[in-house]
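A closer look at the structure
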Amino acid sequence: MNKNSIYGLTIEQLTSWLGKHGYKPYRASQVWNYLYRERVTTFSEMVDIKADCIELLTENFTIQTLREHVKQEASDGTVKFLFKLNDGNLIETVLMRHKYGLSVCVTTQVGCNIGCSFCASGLLTKTRDLSSGEIVEQIMNVQHHLDTAGEGEKVSHIVVMGIGEPFDNFQNMIDFLKIMIDQKGLAIGSRHITVSTSGIVNKMYEFADVNIPVNLALSLHAPNNELRTKIMKINRAFPVEQLMDAINYYIEKTNRRITIEYILLKDVNDHVEEAVELAALFQDKKKKTYINLIPYNPVDEHSQYQRSDQESVLAFYDTLKKNGINCKIRQEHGTDIDAACGQLRSKQIKKDKDQSIKS
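These notes cover the structure that comes with them. (Residues numbered from 1 in each chain as written. Predicted model: local features only at pLDDT ≥ 70, side-chain atom pairs only at ≥ 80, totals over all residues. Heavy atoms only, no water.)

**Here we look at the environment of Ala 222**
- For Ala 222, the position within the fold is in the loop between strand 11 (215-219) and helix 7 (225-231).
- For the pair Ala 222 and Lys 20, spaced 202 residues apart in sequence, the C-alpha separation works out to 51 Å.
- Contacts of Ala 222, omitting those with residues within four sequence positions, involve Leu 227, Arg 228, Ile 231 and Tyr 262. (Helix = DSSP H or I, 4+ residues; strand = E, 2+ residues; numbered from the N terminus. Contact = heavy atoms within 4.5 Å.)

**A closer look at the layout of surface pockets**
- For the second largest pocket, the calculated volume is near 210 Å³.
- Lining the second largest pocket are 14 residues; nearest its centre among them are Lys 3, Asn 4, Ser 5, Ser 131 and Glu 134.
- Going through the elements one at a time, strand 1 (4-5) and helix 4 (132-149) are the ones with two or more residues in the lining of the second largest pocket.
- When residues in the lining of the second largest pocket are grouped by element, the largest group, 3 residues, is from helix 4.
- Among the residues making up the lining of the second largest pocket, the classes are represented as 2 nonpolar, 9 polar and 3 charged. (1 Å grid on protein atoms, 1.4 Å probe; cavity = no way out; pocket = protein on both sides within 12 Å on 5 of 7 lines; lining within 4 Å. Points joined across faces, edges and corners; volume = space filled by probe spheres on them. Nonpolar A, V, L, I, M, F, W, Y, C, P; charged D, E, K, R; others polar.)

**Some thoughts on the pairing of strand 6 (residues 101-105)**
- Most of strand 6 sits out of view: 5 of its 5 residues are buried.
- Of the pairings in the sheet, the one linking strand 5 (residues 90-98) to strand 6 comprises 5 bridges and is antiparallel in character. When the sheet's bridge partners are listed, Leu 95 is paired in strand 6 with Val 104.
- Where strand 5 folds back onto strand 6 in an antiparallel hairpin, the turn is made up of 2 residues.
- Where strand 6 and strand 9 (residues 155-160) come together, 4 bridges link them in parallel fashion. Looking at strand 9, one finds that Cys 105 is bridged to Val 159. (Buried < 20%, exposed > 50% of the residue type's maximum accessible area, 1.4 Å probe, protein only. Pairing = 2+ DSSP bridges.)

**Examining the packing of aromatic side chains**
- In this structure the tally under the stated criterion is 10 aromatic pairs.
- Look at Phe 81 and Phe 83: their rings are 5.5 Å apart centre to centre, the planes differ by 5°, and that puts the pair in the stacked class. Considered together, Phe 81 and Phe 83 belong to a single accessibility category, that of buried residues.
- Where Tyr 262 meets Phe 316, the ring centres are 5.1 Å apart and the plane angle is 35°; that geometry is what we call tilted. Here Tyr 262 is found in strand 12 (residues 258-264), whereas its partner Phe 316 is found in helix 10 (residues 310-322), with 54 residues between them in sequence.
- For Phe 316, a relative accessible area of 0% puts it in the buried group.
- The ring of Phe 170 carries the charged tip of Lys 203 above its face, separated from the ring centre by 4.8 Å. (Phe/Tyr/Trp six-rings, centres within 6.5 Å; stacked < 30°, edge-to-face > 60°. Lys NZ or Arg CZ within 6 Å of the ring centre and 35° of its normal.)

**A few points about the sheet that holds strand 5**
- Judged by pairing direction, the sheet is mixed, and its 10 strands sit side by side in the order 3-4-5-6-9-10-11-12-13-14 without closing on themselves. Unpaired on one side and paired on the other, strand 3 (67-73) and strand 14 (327-329) mark the two borders of the sheet. For this sheet, the mean angle separating the axes of adjacent strands, direction not counted, is 20°.
- In this fold helix 4 packs onto strand 3, strand 4 (79-84), strand 5, strand 6 and strand 9, with an angle of close to 50° to the strand it touches most, strand 5. (Axes fitted to C-alpha atoms, helices over the stretch in contact; angles between N-to-C directions.)

**Description of the side chain of Glu 261**
- Within the element layout of this structure, Glu 261 appears in strand 12.
- Arg 330 is the oppositely charged side chain nearest to the buried, salt-bridge-free Glu 261, at an N-O distance of 4.2 Å.
- Apart from residues lying up to four places away in sequence, Glu 261 is in contact with Met 161, Ala 217, Leu 218, Ser 219, Leu 220, His 221, Asn 292, Ile 294 and Arg 330. (Lys, Arg positive; Asp, Glu negative; His and termini not counted. Salt bridge = Lys/Arg side-chain N within 4 Å of Asp/Glu carboxyl O.)

**Here's the deal with the pattern of salt bridges**
- A full pass over the atoms with the stated rule returns 11 salt bridges.
- Two residues, Asp 87 and Arg 128, come together in a salt bridge whose shortest N-O distance is 2.7 Å. A residue pair is termed long-range when its members are at least 10 positions apart, and Asp 87 in the loop between strand 4 and strand 5 and Arg 128 in strand 8 (residues 128-129) qualify at 41 residues.
- On the basis of relative accessibility, which here comes to 42%, the residue Asp 87 falls in the partly exposed class.
- You can call Arg 128 partly exposed: its relative accessible area is 22%.
- Across the salt bridge formed by Asp 168 and Lys 126, the nearest N and O atoms sit 3.3 Å from each other. You can see Asp 168 sitting in the loop between strand 9 and helix 5 (170-181) and its partner Lys 126 sitting in the loop between strand 7 (109-110) and strand 8, a full 42 residues away along the chain.
- Here the residues in one salt-bridge network are Asp 87, Arg 128 and Glu 134, joined through shared partners.

Next comes the structure, spelled out in structure tokens:
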């Protein structure tokens, strides 16, 4: 029987669970400290916790549900991990180096059902949601990788932008966030965490109401319904007008800025005309929005899309700036490995199938 990851429990849940088994709150604090500060990999390493408690934890939980399957390292220091789950499914996690610290991009689902026409993550449809423990364990495995290197480095930033739609796995994602920002654990600053959504409007409202003070990013990629529906089928359910209402609610409720993600696709959505339309869309909320222009990482299976040329990118950027819109062109990472999200996973699954057929 597969045991649940102990990383899936918030400190409140761990305290409650141990309390039901007769242990006082300080015992949960001890376990928590071992997991996130000492960063043990087995329960037996929790040396000052009584044997009966260790036995109870061992019987009910596991610390390791992910196993490293493939690891790619890029010349810029980016590391892409392909982890195998207990059920054999594969997920991607990426460590990126920035001037401001070390950022990890985590996955929330096995596959993705959003079906954006340019995205490698959606090449394989959703199999299941990840548990909160499986999401947390991605961070812990990367941190263990850093600990092993012995340079004293620590994960400082998190982006929930890997495979899957985070708002389609809402509660597990929320528990993950609570665990990450807990000050007695990894203590990742809430302002150092960004959650990305393709625009599930009802969950945008719910996320605003939960009001965990992390950053929100919306994958927009087009300034009007006609174009957005062509490249993102989710727009049929949640058109641009509904997204704008949700953004307004989020800003009013939280008083936080929202990032707008915009992947530039050659001769599709990268014209000056789209830039003008995009600027108009956010003109009344430009103090609370920030547009992130993203160079496209080509995917073999989506050969209809190509990377915009530099001239078009700069013209798009200049148009936004001239219209008073805060924006930047995102720095790329890991371009000499499988850079697109989901690309390594889809390639490895195909490779494993080919090897299985040959054998």
